[in-house]
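# Breakdown of the fold
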Amino acid sequence: MDLDKVKTTTGLDVKGKRVFVRADLNVPVQGGKVSDLTRLERVAPGLSDLARRGAKVIVASHFGRPKGGPAPEHSLKPVADALSKILGQPLQFADDCIGPKAEAAVAAMKDGDILVLENLRFHKGEEKNDAEFTKALAKLADIYVNDAFSAAHRAHASTAALAKLLPAYAGPLLMEEIDALRSVLDKPKRPVAAVIGGAKVSTKIPVLTNLLEKVDKLIIGGGMANTFLLAQGVAIGKSLAEPDFIATAKEIMAKAQSRGCEIVLPADAVVSPRFEANAPAVTVPVTETPADQMILDVGPKAVVKDVEVLSQCRTLLWNGPLGAFEIAPFGEGTFQLARAAAELTSAGKLVSVAGGGDTVAALNAAGVTDKFTYVSSAGGAFLEWLEGVELPGIKALIPE
């Protein structure tokens, strides 16, 4: 993909134009109230900008996984209400995303208005990338803007097909994500380190394989590290691991060595006989993990080594925790490394980009999310980009 060909809305004359913005309003709602406003807060500035410039802003999104059509619990109405408060202006809401109700709501709009359409997934044509459904969406607008990087890995009607029926542009949030990932993977300041954690090697094989070509240091943590330790002949007690992927781990280590990429595994670990909050825990060298215990976090020596690696690098990509961070006391390794990365970033010594649901939760718990250069709110799309996959929603924005 030639990403330099992606057009943005900067300088575009939108006054009086109907601008269809594919946003990601798929946020957690509990008791009819949005419990995490992050995605709404991030998309709001782009919507406000278009409205200030005189556009009729039509916002569309999926929400949850409704089955078989409309369902009250999957309505975007409470999300639209929360977005209205963030924007500081009243929003219109259409009870459908296509057809007479949507068309009437759009026809009633004045320049500068913002309208939220009902859940795209109330129609099966959205996920099927259906041509007729896409045409019905296209009738509502003059211009298409994709500002939902987190949905860009899906070839759905509103993320891919619609971009071919209207003049198509990338929104500011989408461009932020693209620019951040390109700064790490395509044109980084070297040396580059990647922290890749999480439970399973099997889910990250494409990521690891792709990153071997692009990074200089690869810090592996979480349950994934246990499989690599097994591949080195280290006994890991009752720790989570994937013995079926020992051969894969060996292949990855061999490829890394041939490409001059250093793989960093933990030298010590925090172990416990039980995976539960405040279970008794001790720190041991990984080679001395007791047979009846499990590794649940990296130890202090591992953290010192990882911080040393980051201090030698100019760019950091982070995806996945180093331990079971959601249960005390097994988050300390992740939190300490996150704080060190934040300090290096604040000092201007490191460009730090992170993403993935668990990663964002861990950075939030460490209190450093706002100190990283960029933290992606995307999940699956972020992971697929790290794998080197072409995302349909991005590809659709590139003129053929």
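Rules of the game
Residues numbered from 1 in each chain as written. Predicted model: local features only at pLDDT ≥ 70, side-chain atom pairs only at ≥ 80, totals over all residues. Heavy atoms only, no water. Helix = DSSP H or I, 4+ residues; strand = E, 2+ residues; numbered from the N terminus. Buried < 20%, exposed > 50% of the residue type's maximum accessible area, 1.4 Å probe, protein only. Contact = heavy atoms within 4.5 Å. Salt bridge = Lys/Arg side-chain N within 4 Å of Asp/Glu carboxyl O. Pairing = 2+ DSSP bridges. Axes fitted to C-alpha atoms, helices over the stretch in contact; angles between N-to-C directions. Expected span 1.5 Å × (residues − 1). Arc of directions from axis to C-beta. Lys, Arg positive; Asp, Glu negative; His and termini not counted. Polar contact = N/O pair within 3.5 Å; in protein donor to acceptor, adjacent residues only side chain to side chain. Phe/Tyr/Trp six-rings, centres within 6.5 Å; stacked < 30°, edge-to-face > 60°.

This part takes up the overall build of the protein chain. Along its length, the protein chain carries 14 helices and 17 strands. Each of the three principal axes of the protein chain carries a C-alpha extent, and together these read 70 × 45 × 40 Å. Taking all 400 residues of the protein chain together, 56% fall into the buried category. The contacts in the protein chain between residues at least 6 apart in sequence include a share of 73% that link residues at least 24 apart.

Along the polypeptide, Phe325 turns up in the loop between β15 (315-319) and α11 (332-346). It is 26 Å that separates the C-alpha atoms of Phe325 and Met253, two residues lying 72 residues apart in sequence.

It is worth spelling out the pattern of salt bridges at this point. In this structure the tally under the stated criterion is 19 salt bridges. Here Asp24 makes a salt bridge to Arg39, at a shortest N to O gap of 3.0 Å. Separated by 15 residues along the polypeptide, Asp24 in the loop between β1 (18-22) and β2 (29-30) and Arg39 in helix α1 (residues 38-52) bring together distant segments of the chain. Between Lys139 and Glu103 there is a salt bridge whose closest N-O contact spans 3.3 Å. Taken together, the residues Lys139 in the loop between α5 (131-138) and β7 (143-146) and Glu103 in helix α3 (residues 99-107) connect sequence positions 36 residues apart. Looking at Lys139, the relative accessible area reads 55%, which means it is exposed. The network of salt bridges with shared partners includes Asp4, Arg182 and Asp186.

Bringing the pairing of strand β12 (residues 268-272) into the picture now. With five of its five residues buried, β12 lies for the most part within the structure. As defined by bridge partners, β12 adjoins strand β14 (residues 294-298) across four bridges and the pair is classed as antiparallel. Residue pairing for β14: Ser272 is matched across the bridge by Met294.

Moving on: the sheet that holds β12. A sheet is described by the order of its strands in space; here three strands give the open sequence β13-β12-β14, paired in antiparallel fashion. Edge strands, defined here as strands with exactly one partner in the open sheet, are β13 (282-285) and β14. Put simply, the sheet's adjacent strands are angled 45° from each other on average, direction ignored.

With 14 residues, helix α9 (residues 246-259) should reach 20 Å at 1.5 Å per residue; the first-to-last C-alpha distance of 20 Å fits that figure. When we look at burial in α9, the residues that qualify are Thr248, Ala249, Ile252, Met253 and Ala256. Taken down its axis, α9 places every buried residue within 135° of arc, on the same side. Those residues of α9 that are exposed and aimed more than 90 degrees away from the buried face are Gln257 and Ser258. Buried residues along α9 sit against α7 (205-212), α8 (222-231) and β11 (262-264).

Relative to the helices and strands, Asp297 resides in strand β14. No salt bridge is formed by the buried Asp297. Its closest oppositely charged neighbour is Arg339, at 10 Å. Separated by 3.4 Å, the side chain of Asp297 and the backbone nitrogen of Glu332 make a polar contact. There is a polar contact of 2.9 Å between the side chain of Asp297 and the backbone nitrogen of Gly333. Residues within four places of Asp297 in sequence aside, it is in contact with Ala269, Val270, Leu322, Gly323, Pro329, Phe330, Gly331, Glu332, Gly333 and Thr334.

The next thing to look at is the packing of aromatic side chains. Overall, the coordinates contain three aromatic pairs when judged by the stated rule. Consider the rings of Phe149 and Trp385, whose centres lie 5.8 Å apart with planes at 50°: the pair is tilted. Note that Phe149 is positioned in the loop between β7 and β8 (168-170) and Trp385 in helix α13 (residues 380-386), a separation of 236 residues in sequence. Accessibility classification places Phe149 together with Trp385 in one group, the buried group.

Any functional reading would require information that these geometric values do not contain.
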